[in-house]
Amino acid sequence: MGGCSFLLPTIFLIIFTFSGSVVQILGLGVGINYGQIANNLPSPSRVSVLLRSLNIRRVKLYDADPNVLLAFSNTQVEFIIGLGNEYLENMTDPIKAQNWVQQSLQPHIPQTRIACITVGNEVFKDNDTRLYSFLLPAMQTVYKTLVDLGLDKQVIVTSAHSLDILANSFPPSAGSFRPDLAEYIQPLLSFHAQVKSPFLINAYPYFAYKGSPNEVSLDYVLFQPNQGMIDPNTNLNYDNMLYAQVDAVYSAIKAMGHTDIEVRVSETGWPSNGDEDEAGATIENAGLYNGNLLKRIDQKQGTPAKPSVPIDIYVFALFNENLKPGPASERNYGLYYPDGRPVYNIGLQGYLPVPDQMASASKINVFPVFGLLIYVIAWLLLL
């Protein structure tokens, strides 16, 4: 009892800090992108506590960082891990693919739940046709490696794409892929259909608004009340751009002969700050976009064309990342500052332990998950 008394103020602080928000976020199916292009982020073990205090159970990484995967062992948090574009050529080699899987994935299973590997990220965004040609063979080789190792039933293989792959996105029913990409996307879709893996897109209505702030309705892109837009071919009403983008991808896939592939949103978000020429990059707009998005995820909404299929969404991103290149917006997509403070208030009052508290708590294996659990622990300590 005496050795644990230092935890009591912290424990009761946790109860009053976020117990009210538990009701709001408990059961949300939201995933989060955990980017690490920064030099001021908290340790993975502290991030593990933060995400579990928020009841966020799905995390997407851009690599297979062993420190992160180890920190989340035995937590029931589910991971997507990434193979960067720089690995694609190597992954077409069965021996190199097997080495990667055995070294980067296999040691963490089953302690850490790894459900998906994204092979490449936005490969078709640049004009590197050599990279285009590596994508599908790399995915096939990684998948065959998983089959050979008996892991294909628990780990799926896919890739993530920007919306630049579309030639047309409105109306959604007329969505189509770029003709110059057809020779690559057609066999890619056949692979997805064969192995039953989803087609991932990184969809950002913010970019559409930033590019044409006088033509694009801010309410429409922020999920705010608006008249919406009617698809003249289907008479379906769209009250937000994200759902229209998802349905445009479904239409593009259907135009290539597939109706059995699920579209998931592997990235979406809104920056809280930007350069002078980045229209709409404000804390207020970011809070509205992500706050309204979380409400819709909580309601398990589907799109107008797929109303019975709740959209699977990963929000970008957990933290602001101070070393990301490009315009200021790129460094300001986080829901949190690296010190654990929310960038804006959307009801996500999680708990990021300070390093000395983390070290002390680990000695007695106390990990705060949500208000009720902490209350029980505190009561037991008082006995």
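Below: a short report on this structure. (Residues numbered from 1 in each chain as written. Predicted model: local features only at pLDDT ≥ 70, side-chain atom pairs only at ≥ 80, totals over all residues. Heavy atoms only, no water.)

**A closer look at the nonpolar core**
Reasoning step 1: If you look at the biggest cluster of nonpolar residues, it comprises 102 residues, and the most contacted ones within it are Phe79, Ile81, Ile117, Phe177 and Phe199.
Reasoning step 2: By residue number, the principal contributor to this core is helix H10 (residues 241–255), which donates ten residues.
Reasoning step 3: Ignoring any residue separated from it by four or fewer positions in sequence, one finds Ile81 in contact with Leu61, Asp63, Ala64, Leu69, Trp100, Leu105, Ile114, Cys116, Ile117 and Thr118. (Core = buried A, V, L, I, M, F, W, Y, C linked by side-chain atoms within 4.5 Å. Buried < 20%, exposed > 50% of the residue type's maximum accessible area, 1.4 Å probe, protein only. Helix = DSSP H or I, 4+ residues; strand = E, 2+ residues; numbered from the N terminus. Contact = heavy atoms within 4.5 Å.)

**A few points about the pattern of salt bridges**
Reasoning step 1: Inspection of every chain in the model, using the stated rule, returns 14 salt bridges.
Reasoning step 2: Arg58 is paired through a salt bridge with Asp312; the nearest N and O atoms lie 2.9 Å apart. Here Arg58 is found in strand S2 (residues 58–60), whereas its partner Asp312 is found in the loop between helix H11 (283–298) and strand S12 (313–315), with 254 residues between them in sequence. Like Asp312, Arg58 is buried.
Reasoning step 3: In this structure, Asp148 engages Lys144 in a salt bridge whose closest nitrogen and oxygen atoms are separated by 3.1 Å. Separated by four residues within a single helix, Asp148 and Lys144 lie in helix H6 (residues 129–148), roughly one turn from each other.
Reasoning step 4: One network of salt bridges, with partners in common, ties together Arg58, Glu262, Arg264 and Asp312. (Salt bridge = Lys/Arg side-chain N within 4 Å of Asp/Glu carboxyl O.)

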